[in-house]
Amino acid sequence: MKKFISEFKEFAVKGNMLDLAIGVIIGGAFNTIVKSLVDDCFMPAVGMLLGGHDFSKLSLKIGEATITYGNLIQNIVNFLITAFCLFIFVKGINSLKRKKEVEEAEEATAEEESKKAEDIVLLEEIRDALKELSNK
């Protein structure tokens, strides 16, 4: 049981788990902003362009059932805007990661080249020392 608890602690405190929790919280807040943007700005403008329709009130009545497809349209627009914003965000993060990886690779290459240069200098010194010994 102690092993189970210690494994759970390790899992719960790992950086990835905390990053995920923070991402979920920020995502929820971001979703509220996007919902307001769609409901309060985009959809009224689209409704005006389409003849003054309020998409949130669009519905279809079949018998006693009411299908409110206007909410579906708004939720689809919500999803598309959220997905686009996340795509831009992830694309930016990936670009920064690639830049960092390239810089690290360049630093590693420069370090290897300087180490090779040091080795070559050392070998040349050994060669010169051997030549002097053989000339004596």
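Everything that follows concerns the structure shown earlier in this document.
Bear in mind the structure is a predicted one, so any value in this text is a computation, not a measurement.

Topic: the overall build of the protein
Consideration 1: Within the protein, the secondary structure is distributed over three helices and two strands.
Consideration 2: Seen through its C-alpha atoms, the protein measures out along the principal axes to roughly 110 × 55 × 25 Å.
Consideration 3: Put simply, the protein has 136 residues, and 8% of those count as buried.
Consideration 4: A sequence separation of at least 24 residues applies to 39% of the contacts in the protein between residues at least 6 apart.
Consideration 5: For the protein, the exposed area adds up to about 11700 Å²; of that, 66% sits on carbon and sulfur atoms.
Consideration 6: If you average the places of the 17 positive and of the 21 negative side-chain charges in the protein, the two averages end up 7 Å apart.

So, a nonpolar patch on the surface
Consideration 1: Together, Leu 60, Ile 62, Ile 67, Tyr 69, Leu 72, Ile 76, Phe 79 and Leu 80 line one region of the surface with nonpolar side chains, adding up to about 790 Å² of accessible area.
Consideration 2: The dominant element in the nonpolar patch, judged by the number of residues it contributes, is helix H3 (residues 69-135), at five residues.
Consideration 3: Counting through the fold element by element, Ile 76 comes out in helix H3.

Notes on a negative patch on the surface
Consideration 1: Residues Glu 101, Glu 103, Glu 104, Glu 106, Glu 107, Glu 111, Glu 112 and Glu 113 make up a contiguous surface patch of negative charge.
Consideration 2: Topologically, Glu 106 is positioned in helix H3.
Consideration 3: Classification of Glu 106 as exposed rests on a relative accessible area of 53%.

Looking at the pattern of salt bridges
Consideration 1: Counting across every chain of the model gives one salt bridge.
Consideration 2: A salt bridge links Asp 128 to Arg 127, with the nearest nitrogen and oxygen atoms 3.3 Å apart.
Consideration 3: Residue Arg 127 is classed as partly exposed on the basis of its relative accessible area of 42%.

Let's talk about the side chain of Thr 82
Consideration 1: Take Thr 82: it is sitting in helix H3.
Consideration 2: When neighbours within four sequence positions are excluded, Thr 82 is seen to be in contact with Phe 30, Asn 31 and Val 34.

Each value, and the rule that gives it
Residues numbered from 1 in each chain as written. Predicted model: local features only at pLDDT ≥ 70, side-chain atom pairs only at ≥ 80, totals over all residues. Heavy atoms only, no water. Helix = DSSP H or I, 4+ residues; strand = E, 2+ residues; numbered from the N terminus. Buried < 20%, exposed > 50% of the residue type's maximum accessible area, 1.4 Å probe, protein only. Contact = heavy atoms within 4.5 Å. Areas by Shrake-Rupley, 256 points an atom, 1.4 Å probe, with all protein chains shown as cover. Lys, Arg positive; Asp, Glu negative; His and termini not counted. Charge placed at Lys NZ, Arg CZ, Asp CG, Glu CD. Patch = residues over 30% accessible without salt bridge, like charges linked within 9 Å, V, L, I, M, F, W, Y side chains within 5 Å. Salt bridge = Lys/Arg side-chain N within 4 Å of Asp/Glu carboxyl O.

Just distances and angles here, no functional claims.
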